[in-house]
2 protein chains.
Amino acid sequence: MAEITFEIVEHIGVLYEYPNGWKKELNLVSWNENEPKYDIRDWNPEHERMRKGITLTLEELKALKEILKEIEL
Amino acid sequence: MAEITFEIVEHIGVLYEYPNGWKKELNLVSWNENEPKYDIRDWNPEHERMRKGITLTLEELKALKEILKEIEL
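Throughout, a residue's number is its position along its own chain's written sequence, starting from 1. Here chains are named by letter from A upward and ligands by number from 1 upward, in the order in which they appear as written. The predicted nature of this model means local features are confined to residues of pLDDT at least 70 and side-chain atom pairs, given and counted, to a pLDDT of 80 or more, with totals for whole chains, interfaces and linings taken over all residues. Neither water nor hydrogens contribute to the side-chain values; these are computed over all heavy atoms in the structure.

As annotated in an unreviewed UniProt entry, chain A is Bacterial seryl-tRNA synthetase related from Methanococcus maripaludis.

This is the structure in C-alpha cells:
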C-alpha cells in the first residue's frame, strides 16, 4: 500500500476557519520527505487530516504576492 | 454523463509558465454557472484544458494577501 508522509515545517497563516474547526491554511510542507513547498489546503484542528489543495514553489508564491499587491480586492 | 462548465470571467495573473506552454494562473472563474470564485490552477495555452487546483472566496484571497504582505519571501 502506498503511503504519503508529510511534515508541516512552518505554519504561515490561516485563510479561513470553517464552523467545524477545519482551517484553510498556508503552510510550508514537506511531502514524502522532499524539499518543503508552500501549500494551501484545508486541515483539521490536529493537522492529522487534510483535503486536496495545491503546492506552490517559492517563485510561484512570490509571483502571487506581486499579483495580489497590484489588484484591488 | 456529468459535465462541468466553466467560464473564465477575468484573467488576473500568471504565477508560472511551464516549458510546454501551460501556465499556473490566478483567475476569476465561474464553475457550473455558479458565482465566480478566485481560482489558482494550471491551464493549457488555449484555456481548454486544466489541471486540479483550488478555488478561493474573496475573503480567503484577501486573507492570503494580508498574510503574504506580512512575510518575507
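Asks: Looking at this structure, how should I read the interface of chain B and chain A?
Replies: For interface size, the figure often reported is the accessible area lost on association. The partner chain A presents 26 residues to the 26 residues of chain B that form the contact. Between chain B and chain A, a total of about 2400 Å² is buried, with carbon and sulfur atoms accounting for 78% of that surface. As used here, buried area is the combined drop in accessible area, with a 1.4 Å probe, of two parts when they are placed together. For chain B, the biggest contributors to the area lost against chain A are Leu15(B), Lys65(B) and Leu73(B); these three give 26% of the whole. Within this document, salt bridges are pairs made up of a side-chain nitrogen of Lys or Arg and a carboxyl oxygen of Asp or Glu, the two lying within 4 Å of each other. Between the two partners, chain B and chain A, sit zero salt bridges. Between N or O atoms, a polar contact is any pair within 3.5 Å; within protein, one atom must be a potential hydrogen donor and the other a potential acceptor, and residues adjacent in sequence are included only when both atoms are from side chains. In this assembly, chain B and chain A are joined by four residue pairs in polar contact (both at pLDDT 80 or more). Two residues qualify as a contact provided that any one of their heavy atoms is within 4.5 Å of a heavy atom in the partner residue.

Asks: Please explain the pairing of strand E2 (residues 23-31) of chain B as it appears in this structure.
Replies: Remark: a regular strand shows side chains that alternate across the two faces of the sheet. Residues and elements named next belong to chain B. Buried residues are those whose accessible area, probed at 1.4 Å on protein chains only, stays under 20% of the maximum for their type, while exposed residues exceed 50% and partly exposed ones sit between those limits. The secondary structure listing takes helices from DSSP runs of H or I that are at least 4 residues long and strands from runs of E that are at least 2 residues long, numbered from the N terminus. Counting buried positions along E2 gives eight out of nine residues, so the element sits mostly inside the fold. Alignment of strand E1 (residues 6-17) against E2, held across nine bridges, turns out to be antiparallel. If you follow His-11 over to E2, its bridge partner there is Asn-27. By the convention used here, strands pair only if DSSP detects at least 2 bridges between them. Two successive antiparallel strands, E1 and E2, enclose a turn made up of five residues, where Gly-21 displays a positive phi of approximately 100 degrees. Sheet topology note: the E2/strand E3 (residues 37-43) ladder contains seven bridges and is antiparallel. The residue bridging Leu-28 from the neighbouring strand is Tyr-38, located in E3. The antiparallel pairing of E2 with E3 creates a hairpin that spans five residues between the two strands, and Asn-32 there sits at a positive phi of about 50 degrees.

Asks: For this particular structure, what's the right way to read the relation of the copies chain B and chain A?
Replies: In this structure, two copies of a chain are linked by a rotation about an axis accompanied by a shift along it. Here the copies were fitted onto each other by least squares, based on C-alpha atoms from residues at pLDDT of at least 70 in both. Superposition record for chain B on chain A: RMSD 0.0 Å, screw rotation 180 degrees, translation along axis 0.0 Å. The transformation just described matches what one would write down for a two-fold rotation axis. The residues that chain B uses at the interface reappear at the interface of chain A in 100% of cases, marking a shared surface.

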